[in-house]
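# Structural characterization, general
The chain contents come next:
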Amino acid sequence: MKEFWNTKLALSDDILMKIEKPERYIGHEVNSVVKDADKVRVRFCMCFPDVYEIGMSHLGIQILYDMFNKFEDCWCERVYAPWVDLDKIMREQNIPLFALESQEPVKNMDFLGITIQYEMCYTNILQVLDLAQIPLLSKDRGEDCPIVIGGGPCTYNPEPIADFFDMFYIGEGETRYRELLDLYEKCKDEGLSRAEFLHKAGTIPGMYVPSLYDVTYNEDGTIKAFTPKYDDVPKEIMKEVVKDLSDTYYPMKPVVPYIKCTQDRIVLEIMRGCIRGCRFCQAGELYRPVRERDVEVLKRYAVEMMKNTGHEEISLSSLSSSDYSKLPELLDFLLEECSKRHVNITLPSLRIDAFSLDVMSKVQDVKKTSLTFAPEAGTQRLRNVINKGLTQEDIINGSTEAFLGGWNKVKLYFMLGHPFETEEDIRGIAELSNEIAATFFDVVPKEKRVNGKIQITVSTSFFVPKPFTAFQWAPQCTKEDFISKAYFCRTAITEQLNQKSIKYNWHDADLSVLEGVLARGDRRVAAAILSVYKKGSFFESWTEYYDHNRWLESFEECGIDPWFYTSRTRNDDEIFPWDFLSCGVNKAFLLREWHRAQKGEVTPNCSQQCSGCGGAQFGVGICFAGK
Amino acid sequence: MSETNNNNNKPVYYDYRVRFSKHGALRYIGHLDVMRFFQKVLRRAEVDVAYTNGYSPHQITTFAQPLSVGVESDGEYMDIRMNSEIGCEELKNRINNASVPEIQALSVKRLPEKSGNAMASVAAAEYKIAFKEGREPECLKDVLVDSSKVEDAIKTFLSQDSIILVKVGKAGPREVDIKERIFEFSWDEEDACFHAILDASSGYNIKASALMELFTGFLKGELKENSLMIYRKDTYTRDENDNLISMDEVGTIV
């Protein structure tokens, strides 16, 4: 039939008509980039190892996709983890994983870049490699295989997945990829081998090539030494940092998907880093120093992106948007520009005060939205331990203003299992929640209460210590501890006067234990990841596909004791698997913070006083503000 | 509604009908996603669409009969309400510049004030249907090689007293006689495919695949899985004399 178009797709019509959401695999999205393969020198495939709707919502890939495609000699494409239905078909029919734009096999590309955002996607990395028909272990890869390079927050402890990657890019991607591609092209011209390229790549700042380093262990299983195999390879790898956020790559034409994605909106990144220094928070250390994007630049980006995407929503992104110095100016601009264009603004979690409540009431239906507080701990004592600078007074004052403004839903986020937590601290969660409910009944007269009620939702997650935080020395709670803490919390809530207004949710404990092993694991953990994948596990961040028993079996088979990585007490002078990397924040500073935590001492935030974390060595950002 | 005219307090708006195509890889995009796609197209096109009020304003558009996934078309319709007047050609160009090659506006008409909206006024749809290579049902293999045999088979099929389609709805399966609602069913010799005009009115829509299933069943055969290539050529409404006319024939070019 002549009207039917003949379109080149990697999957047959039979497959596309059979699987869920074929739109995940057909490419052709607005703003996706198609280049002439014969006119580029480097083919780069960027992967987010989770399902399309999650991966497409990630800003980092959009930034790098835009950057790579601005390079004339490079064509950057995207690939996501095929959902279980297609995964099965691809294995049965031996269909190699393909990039969305060209629909050509990933294994034919020069690079496969994988962003690693959370530990629970590690088995999906193996799924992607496997479907791409690329050997799972770096050492088994031949000259024709793409260079598999990892990036993202989890690469700050890359050791549990080091065997699966040829190299890692540590830090912000905008700075060194040009240099890396130049080197790659040069090596190709000179006919150098994969190993020779990787050796040279390992000397570029920010690049970590696991095969260039040896690890030795003490008898007790801790690390004895981590040493480069060659003299020209650095002992310590410093993360890469963008010096000027207002003068770098930003995706003014992000790819617009057809299906509804998790983030179906424009994302405007207003700053990187966080001044707060909460001791449990990894992101707060990794992205130091705080750097703001110029407000005029942001205004221009916002308008440009609205024109180029047609999205009906825009949201601001940063670790702590309330700390952005020009937030009122930016929001005023957006309120006006967005109402003209009928674009909604979704606000990130702002500190609840008169200003944020005013803005919120302008962009949201007060009756339908809830206030969010993240006190993280139930008592002031424990909040001092974790250095969370939010007081009960802040919360009660914020709630009072909000209740008077018409809000009647509150969400509270806490963590259970912080170091030095006592039963008193857990009871504090219940008491604080009760206090908020009481405040509502105090300040809102009966006739003004919508449905006569206040709804408080308390959620607790279990604390998992992460590398490059003050708590990297802390023993993690066992599964049994976690569960008894959650029960204690639930009981404490039911004992409150206003318990009927409080709903309590808590997270899965098994997952938190596993996350702990992967977060602070070393190279030996890789065997268990490989084993559990071979037993059939992936998409483990989806609870229906998570099988804890398989992990227990795999740990057993590989001779790995999860407790060694999670709940063991670490000495102050232990060498950690990630110590050869640096995020700029010194280990000595983190240790000082760990000791201050034990004493419940608060450390001022970066805008109040410099605590000498080491972030100033990058020479930019808040460290030099006003100097 | 949109802004009001100060003189008589009547809302002032301008309705347009857009005929558009859906081809190639985008035949796998579902109807809801096509609607979402056009919301974004209209924003990118920066045209003066009317919006509803409230915290989440949405554009005032209506779509004609949804197209099944896997079907290609040159006869899709969408009505758009505008706050201000725009030339049909300009609207078409703006949409096409903001869209992709697989989905393009083919024509734009300004609708008269009291025309029914795209969804409510649909009466019929015209299809071309062919079998994918090697997927012909056994019972048709010998028939399809000879046009006159196909025509005879269609004639006998249509000469039945009733043609019963089992529709599965919310209240369970129910039998409906669709004989009077197959407005045309014939063989296109030149393109070697079936040609059909079927009722597509709201609640009475007959899918092209359903017709082919009945036809094959009548010949004591069965359709093979995913064996049809279906192309929607156009969608029809009725004029004041109850004749089928293309939805494109309503309205004028301004």
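From N to C terminus, chain B includes 5 helices and 11 strands. Principal-axis analysis of the C-alpha atoms places the extent of chain B at approximately 70 × 35 × 35 Å. Residues counted as buried form 52% of the 254 residues belonging to chain B. Sequence-distant contacts in chain B: of pairs separated by 6 or more residues, those separated by 24 or more amount to 70%. Taken as two groups, the 32 positive and 41 negative side-chain charges of chain B have centres that lie 5 Å from each other.

Often, the extent of an interface is quoted as the loss of accessible area on bringing the components together. Chain B puts 38 residues into the contact, and the matching count from chain A is 38 residues. Elements with a contribution of two residues or more to the side of chain B that touches chain A: α1 (31-44), β5 (124-131) and β10 (228-238) of chain B. The greatest single-element share of the side of chain B that touches chain A, amounting to 7 residues, is contributed by α1 of chain B. Split by residue class, the side of chain B that touches chain A holds 17 nonpolar, 7 polar and 14 charged.

Now for the sheet that holds strand β10 (residues 266-269) of chain A. Pairing between the strands of a sheet comes from backbone hydrogen bonds, and it takes one of two forms, parallel or antiparallel. Residues and elements named next belong to chain A. Read across the sheet, 3 strands follow the order β10-β13-β14 without closing on themselves; strand pairing throughout is parallel. Here the strands that pair on one side only, and so sit at the sheet edges, are β10 and β14 (344-346). The mean angle between the axes of side-by-side strands here comes to 25°, regardless of whether they run parallel or antiparallel.

So, on to the packing of helix α4 (residues 84-93) of chain A against helix α5 (residues 122-131) of chain A. Residues and elements named next belong to chain A. With their axes 11 Å apart at the nearest point, α4 and α5 run at an angle of 35° to one another. Where α4 crosses over α5, the handedness of that crossing is left-handed. Note on element contacts: α5 touches α4 through Gln127, Asp130 and Leu131, opposite Asp87, Met90 and Arg91. Residues of the contact of α4 with α5, tallied by class, amount to 2 nonpolar, 1 polar and 3 charged.

Here we come to a nonpolar patch on the surface. Residues Ile483, Tyr487 and Trp506 of chain A make up a contiguous nonpolar surface patch of about 270 Å² in total accessible area. Looking at the secondary structure, you find Trp506 of chain A in strand β18 (residues 502-506).

Going through the model one piece at a time under the given rule, you end up with 81 salt bridges over all chains. Note that Arg24 of chain A is salt-bridged to Glu53 of chain A, the shortest N-O span being 3.0 Å. With Arg24 of chain A in the loop between α1 (13-18) and β1 (42-48) and Glu53 of chain A in helix α2 (residues 52-55), the pair connects residues that are 29 residues apart, well separated along the chain. We classify Arg24 of chain A as buried; its relative accessible area is 5%. As a salt-bridge pair, Asp191 of chain B and Lys128 of chain B come within 2.8 Å of each other at their nearest N and O atoms. Within this pair, whereas Asp191 of chain B is found in the loop between β8 (182-188) and β9 (193-199), its partner Lys128 of chain B is found in strand β5, the two being separated by 63 residues in sequence. Judged on exposure class, the residue Asp191 of chain B and its partner Lys128 of chain B are both buried. Within this structure, Lys260, Asp264 and Glu312 of chain A together with Asp33, Arg36, Lys40 and Arg43 of chain B form a network of salt bridges that share partners.

What follows deals with the packing of aromatic side chains. Residues and elements named next belong to chain A. A full pass over the atoms with the stated rule returns 52 aromatic pairs over all chains. A centroid spacing of 5.0 Å and a plane angle of 90° characterise the contact between Phe564 and Tyr565, whose relative ring orientation is edge-to-face. Across the pair, exposure class does not vary: Phe564 and Tyr565 are buried alike. Connected via pairs of aromatic rings, a cluster forms that spans Phe44, Phe68, Phe71, Phe111, Tyr169, Tyr177, Tyr184, Phe197 and Tyr249. A cation over a ring is seen here: Arg178 above Phe71, with NZ or CZ 4.6 Å from the ring centre. The ring of Tyr217 has Arg524 sitting right over it, with the charged end atom 3.8 Å from the ring centre.

Now for the environment of Asp244 of chain A. All names here are of chain A. Position of Asp244 among the secondary structure elements: in the loop between β9 (237-238) and β10. Taking relative accessible area as the criterion, Asp244 reaches 40% and is therefore assigned partly exposed. Sequence spacing of Asp244 and Ala374 is 130 residues, and the spatial spacing of their C-alpha atoms is 30 Å. Reaching out from Asp244, the side chain makes a polar contact with the backbone nitrogen of Ser246 at a distance of 3.0 Å.

A few words on the nonpolar core. Grouped together as the largest cluster of nonpolar side chains are 167 residues, with contacts concentrated most on Phe68 and Phe197 of chain A. Setting aside chain neighbours within four positions, we find Phe197 of chain A in contact with Phe111, Ile147, Met167, Leu180, Leu183, Tyr184 and Cys187 of chain A.

This part takes up the packing of helix α13 (residues 392-404) of chain A against helix α14 (residues 423-443) of chain A. All names here are of chain A. Closest axis-to-axis distance for the α13/α14 pair is 9 Å, and the angle between their directions is 35°. Relative to α14, the crossing made by α13 is right-handed. Facing α13, whose interface residues are Gln392, Ile395, Ile396, Ser399, Thr400, Phe403 and Leu404, α14 presents Leu432, Glu435, Ile436, Thr439, Phe440 and Val443. Of the residues belonging to the contact of α13 with α14, the class tally is 8 nonpolar, 4 polar and 1 charged.

Before going further, it helps to spend a moment on the side chain of Ser73 of chain B. All names here are of chain B. You can see Ser73 is positioned in strand β3 (residues 72-82). A distance of 2.8 Å separates a polar atom in the side chain of Ser73 from the backbone nitrogen of Gly75. Here Arg232 takes part through its backbone oxygen, which lies 3.2 Å from a polar atom of the side chain of Ser73.

All names here are of chain A. According to the domain assignment, chain A contains domain 1 (13-238) and domain 2 (265-348 + 584-627). Spacing between the C-alpha centres of domain 1 and domain 2 amounts to 28 Å. Contact residues are listed per partner, giving 8 residues for domain 1 and 11 residues for domain 2. For the domain 1 face of the interface with domain 2, the top three residues by lost area are Leu59, Glu172 and Met238, together amounting to 53%. Our count for the contact surface shared by domain 1 and domain 2 stands at 3 salt bridges. Our count for the contact surface shared by domain 1 and domain 2 stands at 4 residue pairs in polar contact (both at pLDDT 80 or more). Here the residues of the side of domain 1 that touches domain 2 are counted per class, giving 5 nonpolar, 1 polar and 2 charged.

Our next topic: the domain arrangement of chain B. Residues and elements named next belong to chain B. Its domain assignment divides chain B into domain 1 (14-121) and domain 2 (124-245). Listed per partner, the contact involves 14 residues of domain 1 and 12 residues of domain 2. Ranking the residues of domain 1 by area buried against domain 2 places Gln65, Val71 and Ser121 at the top, with a combined share of 39%. Between the two partners, domain 1 and domain 2, sit 2 salt bridges. Here Asp234 and Arg19 are joined by a salt bridge, their closest N and O atoms 3.6 Å apart. Taken together, the connections running from domain 1 to domain 2 amount to 13 residue pairs in polar contact (both at pLDDT 80 or more). Each residue belonging to the side of domain 1 that touches domain 2 can be placed in one class, and the counts come to 4 nonpolar, 6 polar and 4 charged.

Quick notes on the rules
- Numbering of residues starts from 1 in each chain and follows the order in which that chain's sequence is written.
- Here chains are named by letter from A upward and ligands by number from 1 upward, in the order in which they appear as written.
- Per-residue local features of the predicted model are confined to residues with pLDDT of at least 70, and side-chain atom pairs are confined, for both listing and counting, to 80 or more; whole-chain, interface and lining totals are unaffected and use all residues.
- The side-chain figures draw on all heavy atoms in the structure; neither hydrogens nor water molecules are used.
- Secondary structure elements are taken from DSSP: a helix is a run of H or I of four residues or more, a strand is a run of E of two residues or more, and numbering for both begins at the N terminus.
- Under the scheme applied here, a residue whose accessible area is under 20% of the maximum for its type counts as buried, over 50% as exposed, and between as partly exposed, the area being computed with a 1.4 Å probe on protein chains only.
- Throughout, a contact is declared for two residues whenever any of their heavy atoms are within 4.5 Å.
- Neither His nor the chain ends contribute to the count of charged residues, in which Lys and Arg are positive and Asp and Glu negative.
- For the purpose of locating charges, the reference atoms are NZ of Lys, CZ of Arg, CG of Asp and CD of Glu.
- The residue classification treats Ala, Val, Leu, Ile, Met, Phe, Trp, Tyr, Cys and Pro as nonpolar and Asp, Glu, Lys and Arg as charged. All others, Gly included, are polar.
- For two strands to pair, DSSP has to find at least two bridges joining them.
- Comment: axis = line fitted to C-alpha atoms, over the contacting stretch for helices; angle = value between 0 and 180 degrees taken between N-to-C directions.
- Crossings are assigned a handedness: left-handed for a near helix turned anticlockwise from the far helix by less than a right angle, right-handed for a clockwise turn.
- Exposure above 30% relative accessible area and no salt bridge define the residues that can form patches, which grow by joining like charges within 9 Å and nonpolar side chains of Val, Leu, Ile, Met, Phe, Trp and Tyr within 5 Å.
- Each accessible area value is a Shrake-Rupley result obtained with a 1.4 Å probe; residue values ignore everything except the protein chains displayed when judging cover.
- We define a salt bridge as a contact between a side-chain nitrogen of Lys or Arg and a carboxyl oxygen of Asp or Glu at a distance within 4 Å.
- Note on aromatic pairs: the rings of Phe, Tyr and Trp (six-membered ring only in Trp) are paired at centre separations within 6.5 Å, and the planes decide the class, stacked below 30 degrees, edge-to-face beyond 60, tilted for the rest.
- Lysine and arginine charges are scored as sitting over a ring when NZ or CZ, respectively, is within 6 Å of the ring centre and within 35 degrees of the ring normal.
- N or O atoms within 3.5 Å of each other form a polar contact, as long as, within protein, one can give a hydrogen and the other can take it, and as long as residues adjacent in sequence are counted only when both atoms are side-chain atoms.
- By convention a nonpolar core is built from buried Ala, Val, Leu, Ile, Met, Phe, Trp, Tyr and Cys residues, the set being connected through side-chain atoms within 4.5 Å.
- Boundary definitions for the domains trace back to an automatic or database domain assignment.
- Two parts placed together each lose some accessible area; with a 1.4 Å probe, that loss summed over both constitutes the buried area.

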